[in-house]
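This is what each chain is made of:
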Amino acid sequence: ADSYKKAVDLAPQNTNYRATYGLILGMAGDLDAGLAELQKVTATPGYKDAAGWVNLGWIYRNTNKAPESIAAYQKVVDVAPDHTAARNNLAQQLLDQRRYPEALVHLEELRRRGMTFPGSYMSLAQAYVATGQPDEAREALAGYAAEHPDRAASFENLAYFELAQG
């Protein structure tokens, strides 16, 4: 954190340094200071860099401020639709808030864009089941397992789903 603090002191107008510094503060346990720094960064007139908003979403998520976290991740998706990590984090926050139809939209978009993280497919299945579409959940998990036979997690997720469905 000290190195980034020095960089911020030398170039306080550099929002990239400040966005990273805010995240580092949060990860080091000073969530309030990290939040304050990231709020300043994202309030900078004309600021559109995804990094600050992603970091702000992380800070909000880790301070149990789900609506703010969702808004921050949504801002990233709005300005950088290809930012898969932000879209995935947004979907996870929506799932946590039981906003399943909204989460499903983002998880399907990740799938369409070729996301291959097994956990995203399990989240997709969760959203499908929660919206009354277990057949679509099964199809998504089975399809993922067929496309990625080298990934044990794909079969574990499918087996877990089948056990849970009875």
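Residue numbers run consecutively from 1 along every chain, following the written order of its sequence. A pLDDT threshold of at least 70 governs which residues receive local features in this predicted model, and a stricter bar of 80 or more applies before side-chain atom pairs are shown or counted, although totals over entire chains, interfaces and linings include all residues. Note that water and hydrogens are dropped before the side-chain values are worked out from all heavy atoms of the structure.

A. Representation of the side chain of Ser 123 in the model. Going along the chain from the N terminus, every DSSP run of H or I of four or more residues is numbered as a helix, and every run of E of two or more is numbered as a strand. Among the structural elements, Ser 123 can be located in helix H8 (residues 118-130). In this description, contact between two residues means that some pair of their heavy atoms is separated by no more than 4.5 Å. Look past the residues within four positions of Ser 123 in its chain and what remains in contact with it is Gln 92, Leu 95 and Leu 107.

B. Representation of the side chain of Asn 88 in the model. Turning to its location among the elements, Asn 88 is positioned in helix H6 (residues 84-96). Engagement of the side chain of Asn 88 in a polar contact is seen with the side chain of Ser 120, the distance being 2.8 Å. Once residues lying within four places of it in the same chain are set aside, the contact partners of Asn 88 are Leu 107, Leu 110, Met 115 and Ser 120. For this analysis, a polar contact is any N or O atom pair within 3.5 Å, provided that within protein one partner can donate a hydrogen and the other can accept it, and provided that sequence-adjacent residues contribute only side-chain to side-chain pairs.

C. Here's a closer look at helix H10 (residues 152-165). For H10, spanning 14 residues, the distance from its first C-alpha to its last is 20 Å, which sits close to the expected 20 Å at 1.5 Å a residue. Taken as a whole, H10 has its buried residues at Ser 154, Asn 157, Leu 158 and Phe 161. What you see down the axis of H10 is that its buried residues fit within an arc of 95°, all on one side. Relative to its buried face, H10 has exposed residues pointing more than 90 degrees away, namely Ala 152, Glu 156, Tyr 160 and Leu 163. Among the structural elements, H8 and helix H9 (134-147) are those in contact with the buried residues of H10. Looking one or two residues beyond H10, the residue adopting positive phi is Gly 166, at roughly 90°. The span you would expect from a helix comes to 1.5 Å times its residue count less one. Using a 1.4 Å probe on the protein chains alone, a residue whose accessible area is under 20% of its type maximum counts as buried, one over 50% counts as exposed, and one in between counts as partly exposed. What the arc covers is the set of directions going from the helix axis to the C-beta atoms.

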